[in-house]
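The primary structure of each chain is shown beneath.
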Amino acid sequence: MRVEKQPAYILHQRAFRDTSQILEVFTKDYGRLSIMSRGSRAQKSRLRSILQPFRALELGWSGRGEMPTLISAEPAAQSVAFLQGKSLACALYVNELVMYLIHKHDVHESLFSQYHQTVNRLFETQKLEFELRHFELSLLDHLGVLVDLSLDAVTGKRLKESSKYYFHIERGLCEFDYSFEPEKIPVLTGSSLLAISENRLDQPEVLKDAKKLMRYLINYSLAGKPLKSRELFR
Amino acid sequence: MSPLLQQMIEAFRCLPGVGPKSAQRMVFHLLERNRDGALKLSELLKKGVEEIGHCRQCRTFSEHDECQHCSDLSRDNSLLCVVESPVDVLAIDQATGFRGKYFVLMGHLSPLDGIGPAELGLDLLEQRFITGHIKEVILATNPTVEGEATAHYISEMAEEQGIEASRIAHGVPLGGELEFIDGGTLAHAFSGRKLI
């Protein structure tokens, strides 16, 4: 199989032998995959500066089996100076999510465009949390973990703004009655949940509730695997 | 081929850039022409690997408790240069005439490789920040995504202790021509331009 000019991002690279590396990439039409890149770590390789994470690339590869070989790599857009500071830590977090939660070879075209958007916005914005929550929502939606956040799972009706709800992994949103205390399960207001379901994340309290919910669902999806990038935030 | 010879060739392949052919050449060279050299090499290899550890202060390689740099009293204690590996110490020392002290991270932060602040032993660096009377920390990690993330994390640690942090500049190589420089480097050099 030969693929050319495929929009892609590098999520991670590992050294292989003396001058080669194994690239973990996220692509538009082929999902996540590993590609062997021969000679790209050599002192004089032109590819060294191109094969960087968070840079929009067009990659070509060929070969059957688990690990095809890279045959071409070009920057897809005018190159941007790379991410720095907190934005970079956020971007590394996004990469960790994609690496751990997206299965190899599952195609997620719209998630790829969301990834592209998120990475580029992280460059420009101060509202890092806002961008991260958007990406997480989209990711969880693709994973099928997210239910309709505007509906009460028990009654099937629209949530009441003033009521409180908790997220039951199998059932969905259930109204929170005060007779028991859920352990480590976030309890959120109907108004927050409705705002999240409509992608209105501007209000600080909605953003905070979204973070609680996302964290809970992501931890559930990771099934105990720790995210190292969280430690980068002091 | 005799088994011992085979084993020797196999052993040489642990060196970087040495494949089966070069390993064979090295072994035959030593046996045919330079047996003394081979003995010396084997003795020093054993001695070095057994005795060389990490400096207690900066963690670079040293057979003593403290390395030459750290025990050198003429060096400025208030300047601390943070690098990723012991080779970087040599590179900076030879190129810049830097007269401060070093701290060698022995790696960089890389979440996907499972390396966070704890794995990198940044608590040791933090202790140094607290007790070391440091005025400026110079972040000379590599210009990669991981190096940049590491520099940022350490700069925040420094800020908490009221220590000034600076990052080495990235830009076009001396004697280079703009035309042949890759876009990323050029963009970085352009956005980091200086007033003259």
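Residues numbered from 1 in each chain as written. Chains lettered and ligands numbered in written order. Predicted model: local features only at pLDDT ≥ 70, side-chain atom pairs only at ≥ 80, totals over all residues. Heavy atoms only, no water.

Brief notes about the sheet that holds strand E5 (residues 136-139) of chain B
Strand pairing within a sheet occurs via backbone hydrogen bonds; the two strands may be parallel or antiparallel. Residues and elements named next belong to chain B. Rules: Two strands qualify as a pair provided DSSP detects at least 2 bridges between them. Segments assigned H or I by DSSP are reported as helices when at least four residues long, segments assigned E as strands when at least two residues long, and all are numbered from the N terminus. Axis definition: a line fitted to C-alpha atoms, limited for helices to the stretch in contact. Angles are taken between N-to-C directions and run from 0 to 180 degrees.
Here four strands make up an open sheet; going across it, the order is E4-E3-E5-E6 and the pairing parallel. The open sheet terminates on both sides in strands that have one partner only, identified here as strand E4 (100-104) and strand E6 (164-167). Sheet twist, expressed as the average angle between the axes of neighbouring strands with direction ignored, equals 25°. With four bridges connecting them, strand E3 (residues 76-83) and E5 associate as parallel partners. By the bridge assignment, Leu80 is partnered in E5 with Val137.

Section: the confidence of the model for chain A
We count it as follows: Confidence scores here are pLDDT values: one per residue, from the predictor, ranging 0 to 100.
Per-chain confidence: chain A averages 88 in pLDDT, with 96% of residues scoring 70 or above. Considering each helix and strand of chain A separately, the mean pLDDT is smallest for strand E7 (residues 172-175) of chain A, with a value of 84, and largest for strand E2 (residues 20-27) of chain A, with 96.

Focus: the nonpolar core
To keep things clear, this is the line we draw: Side-chain atoms within 4.5 Å link the members of a nonpolar core, which is a set of buried Ala, Val, Leu, Ile, Met, Phe, Trp, Tyr and Cys residues. Only protein chains enter the accessibility calculation, which uses a 1.4 Å probe; a residue whose area is less than 20% of its type maximum is buried, one above 50% is exposed, and one in between is partly exposed. What makes two residues a contact is simply this: any of their non-hydrogen atoms within 4.5 Å.
Ranked by internal contacts, the top residues of the largest apolar core, which has 75 residues, are Phe54, Tyr115 and Leu149 of chain A together with Leu122, Leu125 and Phe129 of chain B. No other element matches helix H1 (residues 85-101) of chain A, which puts 11 residues into this core. For Tyr115 of chain A, the residues in contact, after removing those within four places along its chain, are Tyr9, Leu11, Phe26, Phe54, Val94, Asn95, Val98 and Phe135 of chain A. Judged by nonpolar contacts, the second largest core, of 15 residues, contains Ile35, Leu47, Ile50 and Leu59 of chain A.

Observations regarding the packing of H1 of chain A against helix H7 (residues 145-160) of chain B
Short version of the rule: Any angle that is under 35 degrees is reported as roughly parallel, and any over 145 degrees as roughly antiparallel; angles of 65 to 115 degrees are reported as roughly perpendicular and all others as oblique. Each crossing gets its handedness from the near helix: less than a right angle anticlockwise from the far helix is left-handed, clockwise is right-handed. Nonpolar residues are Ala, Val, Leu, Ile, Met, Phe, Trp, Tyr, Cys and Pro. Charged residues are Asp, Glu, Lys and Arg, and all others, Gly as well, are polar.
Two elements in contact, H1 of chain A and H7 of chain B, have axes separated by 9 Å at closest approach and are oriented at 125°. Relative to H7 of chain B, H1 of chain A is oriented oblique. Crossing handedness for the pair H1 of chain A and H7 of chain B: left-handed. Residues Gly85, Lys86, Leu88 and Leu92 of chain A of H1 of chain A form the contact with H7 of chain B, whose participating residues are Val145, Glu148, Ala149, His152 and Glu156 of chain B. Here the residues of the contact of H1 of chain A with H7 of chain B are counted per class, giving four nonpolar, two polar and three charged.

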